[in-house]
Each structure stands twice: as C-alpha cells, then as structure tokens.
Amino acid sequence: MVRALHRDGWGYAALTTRGLVLVRNLPTLKAARVPAPLLILRRAYGMFGSVDVLVAGKPHKLHGSKLDPKGELLGTAGTTAQRRAAAHSATPRRQCITVRRRHLRHARSGAGGAHGPLCSW
C-alpha cells in the first residue's frame, strides 16, 4: 500500500508499508526497492520539507509529496544515521598564506618579506 509519493530528482519515490520504491523514468523506466527501515541522513528541512535518504551508498533528496508535505511519514519509516566525528591527526596542520595586498604587505613585511609566505606552525 502506497503511503506517500515523493519527487526524487527526475524520478519518483513511493513510500509503501514495506519500504521505499525508487522509480527512474529517464531514459528507460527502472525501479529499485529499498526495504524498511530506511537510513535517513537528514530529517525534513527547507521550504519543500526535503528528506535525505541513503540508498545503496548514494544520497537521495526526496521532496514534494501531497500526502506527506513535511516528510513526517518518511521520518517515522526510517532510522537516522549517526554522524561520525571527523578524525583529527595528532600532528598540527601547517597553514601558510601569501601576502599580495598592499595594506597587508606593509603590515606584515617584517614577518615574511614583502611577497613571502606567512606560516603558522
């Protein structure tokens, strides 16, 4: 049973009681079934109430349903993905800038020369 029909780029996504069916219509008609529970990357956001869903490692932005305008049914049909913390290395990152503007050149001329790089270690 279809609960909601969403737009997915050039195609459509039908939310059913058993999961999600992605239907692409260009250049040929293809359908892919995604079993429940869905992996939701981002809950409803924006003016259209878009919901980002991960399908086979590829994110899909679903929006534009008349039956589910704010994506609440999609949100209840899946689980949100946990955000991974960015891995920071133990070594500090070297950041260098090159001074090219005249007002910065005079202000920083003692630190790296007139056109030389300024580095923070």
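Now for a description of the structure that goes with this document. Please read all numbers here as calculations on a predicted model, not as lab measurements.

Quick notes on the rules
Residues numbered from 1 in each chain as written. Predicted model: local features only at pLDDT ≥ 70, side-chain atom pairs only at ≥ 80, totals over all residues. Heavy atoms only, no water. Helix = DSSP H or I, 4+ residues; strand = E, 2+ residues; numbered from the N terminus. Buried < 20%, exposed > 50% of the residue type's maximum accessible area, 1.4 Å probe, protein only. Contact = heavy atoms within 4.5 Å. Areas by Shrake-Rupley, 256 points an atom, 1.4 Å probe, with all protein chains shown as cover. Core = buried A, V, L, I, M, F, W, Y, C linked by side-chain atoms within 4.5 Å.

The subject of this paragraph is the overall build of the protein. The helix and strand inventory of the protein stands at three helices and ten strands. Along the protein, helices and strands appear, N-terminal first, in the series β-β-β-β-β-β-β-α-β-β-α-α-β. For the protein, buried positions account for 26% of its 121 residues. For the protein, the proportion of contacts with a sequence separation of at least 24, taken over those separated by at least 6, is 32%. Carbon and sulfur atoms make up 56% of the accessible area of the protein, which totals about 9,200 Å².

Ranked by internal contacts, the top residues of the largest apolar core, which has 14 residues, are L15, L20, L38 and L74. Of all the secondary-structure elements, those providing two or more residues to this core are β2 (11-16), β3 (19-24), β5 (38-45), β6 (50-55) and α1 (72-77). With three residues, the single largest contributor to this core is β6. Sequence-distant contacts of L74, that is, excluding residues within four places in its chain, are made with H6, L15, L20, L38, I40, V51, L62 and D68.

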